[in-house]
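Okay, here's what each chain looks like letter by letter:
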Amino acid sequence: MTLDVVFTPAGLTGAEVQGRTVFVIDILRAGTTMCAALHHGARAVVPVATTEEALRMAQTLGPDETLLAGERHCVPIPGFALGNSPREMQPEVVRGKTLVMTTTNGTAALLTAAAGASVIVAAAVNFSLVGERAQTALMAGEDLLIICAGREGRFALDDAYCAGRVVQAALGGNRGRKGLNDAALAALDLVRRYGERWERPLLVSEGGRDLAELGMKDDIADAARVDAYPVLPVFHERRLQAAS
Ligand code: MLT
């Protein structure tokens, strides 16, 4: 068994992902927003790389069935129905809809993970389900990979802290460190540094500070709400759906 963390998907190859149980993290905010949408009844989320691709995909899937969602530089994309705030994903808006979504880092990280044997979105808002899944996978001898979306190829504290929490949950009471790569060890150290409260590392991270400056501090509070959107989003055949 292996338990690897990567702090950015940059440079990750399909071969490194293939056959592994993969957790993808973009806690601020794409991963949290996907959990909110699926928890509130969205049929699926289809992540795509570009705005143009999103428009084409929405046409293919049928405009009546779909909602365009996403951001660039944290702000909603002109012409899209939704931005990238979990608080926008209200049941009356998203129920029964397929969201076609493009964000700066989160959707790209998911697309990188596509070759995984099982690909799951992890955040604080679905943490208990993620922790159980990670622990079961490790006990079953599966190879785990935790991909942090990061920030345009760079380290992001908010995602790295979340990765540490997933590593900790996967290990359960087991104090052994066999099979962990250096990034997984460093992520665990962040948990020791910041403790159990999710909001602290999110607020001090660059991503958190950017959101606060843009007047979106409530999204940080939302992202820190443990188990607020208890759903296990699984990425399979280009779409993310809630595991039943
Ligand atoms: C991303 O995918 O880069 C983030 O979710 C950015 C954001 O907070 O809107």
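Notes on the structure follow. In this text the structure is predicted, and so the values were computed from the model without any measurement.

Quick notes on the rules
Residues numbered from 1 in each chain as written. Predicted model: local features only at pLDDT ≥ 70, side-chain atom pairs only at ≥ 80, totals over all residues. Heavy atoms only, no water. Helix = DSSP H or I, 4+ residues; strand = E, 2+ residues; numbered from the N terminus. Contact = heavy atoms within 4.5 Å. Salt bridge = Lys/Arg side-chain N within 4 Å of Asp/Glu carboxyl O. Buried < 20%, exposed > 50% of the residue type's maximum accessible area, 1.4 Å probe, protein only.

This part is about the side chain of Ser118. As for its position among the elements, Ser118 is in strand 7 (residues 118-122). In this structure Ser118 touches Arg20, Thr21, Val22 and Arg133, once residues within four positions along its chain are discounted.

So, on to the pattern of salt bridges. Oppositely charged side chains are able to pair whenever their charged atoms sit close together. Within the structure shown, the criterion is met by 13 salt bridges. One salt bridge connects Glu65 with Arg43, and the closest N-O pair in it is separated by 3.7 Å. Here Arg43 lies in the loop between helix 2 (30-39) and strand 3 (44-47) and Glu65 lies in the loop between helix 3 (51-61) and strand 4 (66-72), a separation of 22 residues in the sequence. Given the relative accessible area of 36%, Glu65 is considered partly exposed. One salt bridge connects Glu206 with Arg151, and the closest N-O pair in it is separated by 3.2 Å. Placement of the pair is Glu206 in helix 10 (residues 206-213) and Arg151 in the loop between strand 8 (144-148) and helix 7 (157-171), with a sequence separation of 55 residues. Each member of the salt-bridge network shares a partner with another, and the members are Arg29, Arg87, Asp218 and Asp219.

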